[in-house]
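What the coordinates show
Below, each chain spelled out in residue letters.
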Amino acid sequence: MSTTKNSTVSHVEWDINDSTVPSWRISQISTYDGFQEWADGHCRFVYRPDCEEARRHSSGWAMRNTNNHNVHILKKSCLGVLLCSLRCTLDSGEKVTLRPAICDKARKKQQGKPCPNRKCTGRLEVLPCRGHCGYPVTHFWRHTDNAIFFQAKGIHDHPKPEPKATAEARRSLHGGIKRPRSSTSATGEQRIRLNGQAVYSGKEIGCFARLFPVRRENELETD
DNA sequence: CTATGCGGGGGTG
DNA sequence: CACCCCCGCATAG
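Predicted model, so just to flag it, every value in this text is computed and none were measured.

Parameters at a glance
- Residues numbered from 1 in each chain as written.
- Chains lettered and ligands numbered in written order.
- Predicted model: local features only at pLDDT ≥ 70, side-chain atom pairs only at ≥ 80, totals over all residues.
- Heavy atoms only, no water.
- pLDDT = per-residue confidence, 0-100.
- Contact = heavy atoms within 4.5 Å.
- Helix = DSSP H or I, 4+ residues; strand = E, 2+ residues; numbered from the N terminus.
- Buried < 20%, exposed > 50% of the residue type's maximum accessible area, 1.4 Å probe, protein only.
- Polar contact = N/O pair within 3.5 Å; in protein donor to acceptor, adjacent residues only side chain to side chain.
- Pairing = 2+ DSSP bridges.
- Axes fitted to C-alpha atoms, helices over the stretch in contact; angles between N-to-C directions.
- Near = heavy atom within 4 Å.
- Nonpolar A, V, L, I, M, F, W, Y, C, P; charged D, E, K, R; others polar.
- Salt bridge = Lys/Arg side-chain N within 4 Å of Asp/Glu carboxyl O.

A short note on the confidence of the model for chain A
Per-residue confidence for chain A averages 74 on the pLDDT scale, and 65% of its residues sit at or above 70. Long-range and interchain partners of residues 180-223, a stretch whose pLDDT sits below 50, account for 68 contacts in this model, where long-range means more than four residues apart.

Structure follows, in structure tokens:
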């Protein structure tokens, strides 16, 4: 019965969905978490009110807003990752793992496009996230005067998409999908790795049962 | 155009 | 009631 205390709030138990909890006003938050770009697993973090990434409800994962009919809690669900239908490997040795567009319309346009690997004849396809009991992993955000609370549910069952910064750079570069770059995020606001992250409670583990198949057939007939 | 939020509305269990 | 998803509307960059 671990308490999964991966937030640095001073010994205060909380759950993002507790719609009526006094702890939302705690002012004695001793330490805040550094922004977790790749939060995964059932975890909770408490960010400073001035943390830009937290303010934007940002994430390395491609998360879209989903209506949970709760004005106090912002909920987002994972869109998965854009992969090459042939699961080819780039010269760099990396796999094609592009960032799905958040906008439905834009995302539909991405699908079916030729794989960015010139040596590959595959097409881009979305591998949906089903890391939370068959459903997409979800992120919850809640603000208070003293902090921005974050909570995630589910374990991503797919590769990480390229970081938002990389996708944006590529987009502004040539408004389309082209040569994928390494997964290095351009900005330097990462590598925080503090406490927490990926702490799962037993029951959640139970509903995690899918690993994306890496069918590597069609070993491309390069050249 | 895309990213984000919001919230109505419908469906399931 | 809880949770899921689609869709349009609106704002911002």
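The rest of the description comes next.
Some points on the side chain of His156
Secondary-structure assignment places His156 in the loop between β8 (148-153) and α3 (164-174). For His156, a relative accessible area of 7% gives the class buried. Among the polar contacts listed, one links the side chain of His156 to the side chain of His158, at a separation of 3.3 Å. Sequence-distant contacts of His156, defined by excluding residues within four places in its chain, comprise Ala39, Asp40, Trp61, Cys78, Cys129, Val137 and His139.

Structural notes on the sheet that holds strand β7 (residues 138-143)
Pairing between sheet strands relies on hydrogen bonds along the backbone, with the strands arranged either parallel or antiparallel. Reading across the sheet, the five strands line up as β1-β8-β7-β3-β2 and stay open at both edges, with antiparallel pairing between neighbours. Taken across any chain shown, the strands that pair with only one partner, and hence form the sheet edges, are β1 (43-47) and β2 (63-66). The average angle at which neighbouring strand axes cross in this sheet is 25°, direction not considered.

Brief notes about the protein's contact with DNA strand C
All residues in the neighbourhood of DNA strand C are listed as Arg64, Asn67, Lys75, Tyr135 and Pro136. At 2.7 Å, a side-chain N or O of Arg64 approaches a phosphate oxygen of DNA strand C. In the environment of DNA strand C, a base nitrogen lies 3.4 Å from a nitrogen or oxygen atom belonging to the backbone of Asn67. Residues belonging to the surface near DNA strand C are distributed by class as follows: two nonpolar, one polar and two charged.

Digging into the sheet that holds strand β5 (residues 97-98)
Reading across from one edge, β5-β4-β6 is the order of the three strands in this open sheet, with antiparallel pairing throughout. Either end of the sheet is taken by a strand with one partner, and the two such strands are β5 and β6 (124-127). Here strand β4 (residues 81-84) runs beside β6; their pairing, made up of four bridges, is antiparallel. Of the residues in β6, the one forming a bridge with Leu83 is Glu125.

Considerations on the pattern of salt bridges
This model, assessed by the stated rule, comprises eight salt bridges. In this structure, Arg48 engages Asp50 in a salt bridge whose closest nitrogen and oxygen atoms are separated by 3.2 Å. We classify Arg48 as partly exposed; its relative accessible area is 43%. In this structure Asp50 comes out as partly exposed when scored by relative accessible area, which is 47%. For the salt bridge of Glu52 with Arg56, the shortest nitrogen-to-oxygen distance reads 4.0 Å. With relative accessibility at 46%, the residue Arg56 sits in the partly exposed group. Among the charged side chains, a network of salt bridges with common partners joins Glu52, Glu53, Arg55 and Arg56.

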